[in-house]
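# Remarks on the overall topology
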Amino acid sequence: MSARLRPMLALAAALVLISAGCGGNDAYAPTVQQPGGQSPDFALSMSRSSILMPSRGTATLTVTLKSLNGFSSPVTMSADALQPSIPGAPADRAASRDTVPLSVAFDPKTVTPTAIGAVSTATIADPNSAAPSATPYTITIRATGGGKVHTAEVSVTITTIDIAVTPASLDLLFGTSVDYTVTVTPRYGFTGTVDLSAIGLPSYVTSGFEPAPLTFTASDGAKSSTLTLALGLTLQGAPARSGPPGRQSLQDVSFTVVGQSGPLRRTTTAIVRVETGSEE
């Protein structure tokens, strides 16, 4: 081959290679990842993941089921509840589903997911007065249908209040009044309004609280109210004087102070020594 032809042949070979690289040879074409074929499914979401609920109370939770890739099967809702973890308790007790006092009801119980989301409302109740605790119960919300199962967890803390009255006893004489201090303490995140009342007092003893009711927010600690008991100058309906003439007669009356917020009710007791006779 002559020296003049060699450069021409080299140029021709290069053009052939360039043409092959830019043409229809799939081995050199860039690869684009195509979305795979996804099966119909649904997504589960909840309006909140933790709940504070007073003892014997109820709370609601919104569960939303959203259809994915054309899913259209009915889905059945159910729930499992676990005991709070108790330090030192056997594992089977801490995780028992048989003794949990909480109940969960769904409305509706069967839901067909939609593209924008279908809703079921879960009502969580404490019909058996679960023990209040800083450690929450864990409830697993379960949605089953169309061969798919999805779950989500919500923690439920049972809240409560403590109530105390001081002093334990006071003397109430004719035409006077006495003051007790009633202290209400929220426990485990309690929020809400507590109504106060005194029961078991004689009809001739009047009572009143100031302030009342007591309202608690999440950041509040204990609050107090003054309970005033009053006795008039006459005793309509009072028992006859007991005790010897010439000496003051006092009758011990035990009464109950009640703090109530919805179904949550806590009580404590005190004594008032009511005058039923006067010196002669």
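This text follows the structure it describes.
Throughout what follows, the structure given in this document is the object of discussion. (Residues numbered from 1 in each chain as written. Predicted model: local features only at pLDDT ≥ 70, side-chain atom pairs only at ≥ 80, totals over all residues. Heavy atoms only, no water.)

### Let's talk about the sheet that holds strand E3 (residues 58-68)
What counts is decided by this rule: A pair of strands is labelled paired if DSSP reports no fewer than 2 bridges between them. Runs of E in the DSSP output that reach at least two residues are strands. Runs of H or I that reach at least four are helices, and both are numbered from the N terminus. Interaxial angle, 0 to 180 degrees, is taken between N-to-C directions of lines fitted to C-alpha atoms, where a helix line uses only the stretch in contact.
Overall, antiparallel pairing links the 4 strands, which are arranged E1-E3-E7-E5 in an open sheet. Two strands in the sheet have a free side with no partner beyond their single neighbour: strand E1 (41-46) and strand E5 (103-107). On average, each strand axis in the sheet is inclined to that of its neighbour by 25°, with strand direction left out of account.

### Topic: the pattern of salt bridges
Note the following rule: Basic side-chain nitrogens of Lys or Arg form a salt bridge, by our definition, when they fall within 4 Å of a carboxyl oxygen of Asp or Glu. Any residue under 20% of the maximum accessible area for its type is buried, any over 50% is exposed, and the rest in between are partly exposed; the area is computed with a 1.4 Å probe on protein chains only.
Evaluation of the coordinates by the stated rule reveals 5 salt bridges. For Lys223, the salt bridge identified is with Asp220, shortest N-O distance 3.4 Å. We note a salt bridge from Asp252 to Arg273, for which the minimum N-O separation is 3.1 Å. One end of the pair, Asp252, is in strand E16 (residues 249-261); the other, Arg273, is in strand E17 (residues 264-277), and 21 residues separate them in sequence. The exposure class assigned to Arg273 is partly exposed, which follows from its relative accessible area of 30%. One continuous salt-bridge network, built from bridges that share partners, spans Asp171, Asp252 and Arg273.

### Regarding unusual backbone geometry
With omega at -5°, the peptide bond leading from Asp107 into Pro108 counts as cis. Mapped onto the elements, Pro108 comes out in the loop between E5 and strand E6 (110-111). With omega at -10°, the peptide bond leading from Thr166 into Pro167 counts as cis. By the element assignment, Pro167 lies in the loop between strand E9 (148-166) and strand E10 (169-172). In this structure, Asn69 takes a positive phi of about 55° despite not being glycine. Tracing the chain through its elements places Asn69 in the loop between E3 and strand E4 (75-82). Residue classification places Asn69 among the partly exposed residues on the basis of a relative accessible area of 44%. Non-glycine residue Ser129 carries a positive phi angle of around 60°. Structurally, the position occupied by Ser129 is in the loop between strand E7 (118-125) and strand E8 (137-145).

### Here we look at the packing of aromatic side chains
The condition is simple: Here the aromatic set is Phe, Tyr and Trp, taking the six-membered ring for Trp, and pairing holds for ring centres within 6.5 Å; pairs whose planes are under 30 degrees apart are stacked, those over 60 apart are edge-to-face, and all others are tilted. In this scheme, the term charge over a ring applies when either NZ of a lysine or CZ of an arginine sits within 6 Å of the ring centre and within 35 degrees of the ring normal.
All told, the structure shown has 3 aromatic pairs when counted by the stated rule. Their ring planes at 55° and their centres at 5.1 Å tell us that Phe42 and Phe71 sit as a pair that is tilted. Within this pair, whereas Phe42 is found in strand E1, its partner Phe71 is found in the loop between E3 and E4, the two being separated by 29 residues in sequence. Of the two residues examined, Phe42 and Phe71, each falls in the buried class. Arranged with centres 6.1 Å apart and planes meeting at 70°, the rings of Phe190 and Phe216 form a pair that is edge-to-face. Of this pair, Phe190 sits in the loop between strand E11 (176-187) and strand E12 (192-199) while Phe216 is found in strand E14 (residues 214-216), placing the two residues 26 residues apart along the sequence. Phe190 sits in the buried class, given a relative accessible area of 3%. A cation over an aromatic ring shows up here: Lys223 above the ring of Phe216, its NZ or CZ 5.4 Å from the ring centre.

It is worth stressing that arrangement in space is one thing and function is another; only the former is reported here.
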